[in-house]
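Summary of the model geometry
Residues per chain, in single letters:
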Amino acid sequence: MTSTTALPAYLLPETAVVGPTGALMVGGMSLLELADEFGTPAFIYDEAHLESKCRDAVAAFPDGAAYASKAFTCLAMARIAINAGMHLDVATAGEMYVALRAGADPKKLVMHGNNKSEFEIELALRVGIGKIVIDSFDEIARIERVFTDAASRTAKHFAQQYGLEDLDLDDLPDNVDCMIRLNAGIDAHTHEFIQTGQTDSKFGISLDGGHAQQAADLIKSSKRLNLIGAHGHVGSMIFESEPFAKEVERIAPFVLQNELKELCVGGGLGVPYVVGEYAPSFSDWARGVHGAVSASDLPSDVRITAEPGRSISAAAAITIYRVGTKKYIEGIRTYVAVDGGMSDNPRPILYGSGYEAFLPRAPFVERGLTVTVVGKHCESGDFVVVDGKVPDDIKVGDILATPVSGAYGHSMASNYNCVPRPPVIFVKGGRARVVVRRETLRDLVGRDA
Ligand SMILES: *Cc1c(COP(=O)(O)O)cnc(C)c1O
């Protein structure tokens, strides 16, 4: 008999199964045993799930699929994306550094950012970056300036100045391949903070009013910048193919007009977080995009590329917490407090995002009790799950888990209240490995004078 309040299996990582003791296992490891061994809270990632998502993305967009590092990155994650043949999107010097330390081919890095610094641009040029996605008129001038100002300085001097002796840096190249980040004026139906393709946005250069063409002409007149493509990114958590098709329709004339070789549709494919949500697969997404490309007049040699982030890593991870207190307020609600919160997952407080909760000791039982799962931080808005369903017998000491917490959790984690950030544990084939260790109390004063 299936109950209506049980956790649906489709929210769990690919290798999740119920083990011999009845507890949930991922990658052949019991979540309860992982909690005992590594402590809580902890991010548990199904490595096979990450690998298969990366492979699916490359299969769906064979001309180029770039993993958007900001969703979740560390050396181990970047290596999975690299080994699957993905390119990597990096939006800061830090994300570039992680990608390079993981062994990324610099030619497969795409540099984003609406306010790249001169340092970041010089670093990109000296590592031999594949592409820079130009976001503004100021940036065109800034890249030109870096080419001039940094020409006389040696790579060694630059490395010493910034403590980057561990990177393979070179003299400045003669020129760099660029794309233009276009604002195609598309309102996707998503949270306004994660919507980026509408006209009123800090991102990109507007297609309207001739701005984009003016930028293209400026770039084309530069000896340093090779304009090779156009880029759009509608936003995040998009649950249908239609906004992507509309984006292709709007950008295609610009690609044609400027005889560009690449059209990148960005990322933003949604993932289901809670019961009742469904999202297109990578192949559905690609079919929608390629359909719109076919309907346009684009020549067949224009590369169609994409940049999935969340859709690679979100469902790969489960965060495990331990329940510390329970408080019943007559006629109002029951609070269940866990040992993490907004410091490991700020999405609920930032966007009002919803999650499911379950107890790994009994993953698929009826969840008859409605509770608000909160963290341990000194904020009333420190929610983990608002009105979450849990089994009636939930008790202090239980391990509580939130699925689909593999994107924008670890990467947005903070030390609020001086709480050390949780470890990242990869599980696969009955083995667990710590790929990012838990922060220590000592780490918290590691940068202090
Ligand atoms: C954030 C971002 C992505 C990835 O978005 P997801 O919603 O995680 O898929 C891709 N490209 C750009 C330019 C982005 O800013």
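See the structure printed just above.
Every chain is numbered independently, its residues counted from 1 as its sequence is written. Two thresholds apply to this predicted model, a pLDDT of at least 70 for residue-level local features and 80 or more for giving and counting side-chain atom pairs, whereas whole-chain, interface and lining totals are computed over all residues. Hydrogens and waters are ignored; side-chain quantities use all the structure's heavy atoms.

Overview of the overall build of the chain
Secondary structure assignment for the chain yields 13 helices and 20 strands. Here the globule rule is a power law, 2.2 Å times the number of residues to the power 0.38, and the radius of gyration is based on C-alpha atoms. Over its C-alpha trace the chain gives a radius of gyration of 23 Å, about what one expects of a compact globule, namely 22 Å for 449 residues. Projecting the C-alpha coordinates of the chain onto the three principal axes gives extents of approximately 70 × 55 × 40 Å. Residues count as neighbours in contact if any of their non-hydrogen atoms are within 4.5 Å of one another. Long-range pairs, those at least 24 residues apart, make up 71% of the contacts in the chain between residues at least 6 apart in sequence. Note on areas: Shrake-Rupley with a 1.4 Å probe; residue coverage comes only from the protein chains shown. Only carbon and sulfur atoms are counted for the fraction: they give 51% of the accessible area of the chain, which is about 19200 Å². Each helix is a run of DSSP H or I of at least 4 residues and each strand a run of E of at least 2, with the numbering of both proceeding from the N terminus.

Section: the pattern of salt bridges
The term salt bridge refers to a side-chain nitrogen of Lys or Arg lying within 4 Å of a carboxyl oxygen of Asp or Glu. The tally for this structure, following the rule as stated, stands at 20 salt bridges. Salt-bridge contacts for Glu-262 lead to Lys-131; the nearest nitrogen and oxygen are separated by 2.9 Å. Of this pair, Glu-262 sits in strand E12 (residues 262-264) while Lys-131 sits in strand E8 (residues 131-134), and the two are 131 residues apart along the sequence. Classification of Glu-262 as buried rests on a relative accessible area of 2%. Three exposure classes are used, based on accessible area relative to the maximum for each residue type with a 1.4 Å probe and protein chains only: buried under 20%, partly exposed in between, and exposed over 50%.

What to know about the site of the ligand
When we say a residue is near a molecule or strand, we mean one of its heavy atoms is within 4 Å of it. Around the ligand, the structure places 15 residues, and the nearest of them are Lys-70, Ser-236, Glu-307, Arg-310 and Tyr-408. In the environment of the ligand, an oxygen atom lies 2.6 Å from a nitrogen or oxygen atom belonging to the side chain of Tyr-408. Think of it as three bins: nonpolar holds Ala, Val, Leu, Ile, Met, Phe, Trp, Tyr, Cys and Pro, charged holds Asp, Glu, Lys and Arg, and polar takes everything else, Gly as well. Each residue belonging to the shell around the ligand can be placed in one class, and the counts come to three nonpolar, seven polar and five charged. Polar contacts, as counted here, are pairs of nitrogen or oxygen atoms within 3.5 Å of one another; within protein the pair requires one atom able to donate a hydrogen and one able to accept it, and residues that are adjacent in sequence qualify only if both atoms are side-chain atoms.

Observations regarding the packing of helix H5 (residues 118-127) against helix H6 (residues 137-149)
Fitted lines through C-alpha atoms serve as axes, helices being fitted only where they are in contact, and the angles separating the N-to-C directions of these axes extend from 0 to 180 degrees. Interaxial distance between H5 and H6 falls to 10 Å at its minimum, and their mutual angle equals 65 degrees. Crossing geometry of H5 relative to H6 is assigned as right-handed. For the pair H5 and H6, the contacting residues are Glu-118, Ile-121, Glu-122 and Leu-125 in the first and Arg-142, Ile-143, Arg-145, Val-146 and Phe-147 in the second. Its residues assigned to classes, the contact of H5 with H6 comprises five nonpolar, no polar and four charged. When the near helix sits turned anticlockwise from the far one by under a right angle, the crossing is termed left-handed; a clockwise turn instead gives a right-handed crossing.

Focus: the environment of Glu-165
Looking at the element boundaries, Glu-165 is found in the loop between helix H7 (155-162) and strand E9 (176-183). Counting along the chain gives 10 residues from Glu-165 to Ala-155, while the straight-line C-alpha distance between them is 9.7 Å. Those residues in contact with Glu-165 that sit more than four places away from it in its chain are Ala-159 and Gln-160.

Side note on the nonpolar core
The biggest cluster of nonpolar side chains holds 132 residues, and the ones touching the most others in it are Met-77, Met-96, Ile-132 and Leu-400. In this structure Ile-132 touches Met-111, Lys-116, Ala-124, Leu-125, Glu-139, Ile-143, Val-176, Asp-177, Cys-178 and Met-179, once residues within four positions along its chain are discounted. Ranked by size, the runner-up nonpolar core spans five residues in total, among them Val-110, Met-179, Ile-228 and Cys-264. Each nonpolar core is a collection of buried residues, namely Ala, Val, Leu, Ile, Met, Phe, Trp, Tyr and Cys, held together in the definition by side-chain atoms within 4.5 Å.

Observations concerning the pairing of strand E20 (residues 431-436)
Should DSSP find at least two bridges between two strands, the strands are regarded as paired. Where strand E19 (residues 424-428) and E20 come together, five bridges link them in antiparallel fashion. Paired with Ile-425 across the two strands is Val-434, which belongs to E20.

Points about the pairing of strand E15 (residues 333-338)
A regular strand places its side chains so that they alternate between the two faces of the sheet. In this structure, strand E14 (residues 317-329) lies alongside E15, joined through six bridges in antiparallel fashion. Across the sheet, the residue bridging to Val-323 is Val-338, located in E15. Two strands pair when backbone bridges link them, and E15 and strand E16 (residues 369-374) are joined in this way by three bridges, in the parallel orientation. Among the inter-strand pairings, Ala-337 is bridged to a residue of E16, identified as Val-374.

Let's talk about the packing of helix H2 (residues 47-60) against helix H3 (residues 75-83)
Any two packed helices are characterised by the angle at which their axes cross and by the distance between the axes. Two elements in contact, H2 and H3, have axes whose closest approach is 9 Å; the angle formed by their N-to-C orientations is 40 degrees. With respect to H3, the element H2 is oriented oblique. Crossing angle aside, the handedness with which H2 passes H3 is right-handed. Contacts from Glu-47, Leu-50, Glu-51 and Cys-54 in H2 reach Met-77, Ile-80 and Ala-81 in H3. For the contact of H2 with H3, a count of residues per class yields five nonpolar, no polar and two charged. Between 65 and 115 degrees an angle is taken as roughly perpendicular, under 35 as roughly parallel, over 145 as roughly antiparallel, and anywhere else as oblique.

Brief notes about the sheet that holds strand E3 (residues 29-30)
Across the sheet, three strands lie side by side as E1-E2-E3; this open sheet has antiparallel pairing. The open sheet is flanked by strand E1 (17-18) and E3, the only strands paired with a single partner. Here two bridges tie E1 to strand E2 (residues 24-26), and the two strands are oriented antiparallel to one another. Each residue of the ladder has a partner; that of Val-18, found in E2, is Leu-24.

With respect to the packing of aromatic side chains
Between the rings of Phe, Tyr and Trp (Trp by its six-membered ring), a pair exists once the centres lie within 6.5 Å; its type follows the angle of the planes, with under 30 degrees stacked, over 60 edge-to-face, and the other angles tilted. Summed over all chains, the structure comprises 11 aromatic pairs. For the ring pair Phe-282 and Trp-285, a centre distance of 6.3 Å and an interplane angle of 35 degrees mean the geometry is tilted. Of the two residues, Phe-282 and Trp-285 both sit in helix H10 (residues 282-295), three residues apart, roughly one turn of that helix. The exposure class assigned to Phe-282 is buried, which follows from its relative accessible area of 7%. Overall, the relative accessible area of 0% leaves Trp-285 in the buried class. Taken together, the ring pairs connect Phe-61, Phe-244, Phe-282 and Trp-285 into an aromatic cluster.

Observations concerning unusual backbone geometry
Across the junction of Thr-40 and Pro-41, the peptide omega takes the value -10 degrees, indicating a cis bond. Located in the positive-phi region is Met-237, a residue other than glycine, with phi close to 60 degrees. Judged by its relative accessible area of 10%, Met-237 is buried. One non-glycine residue with positive phi stands out, namely Val-404, at about 60 degrees.

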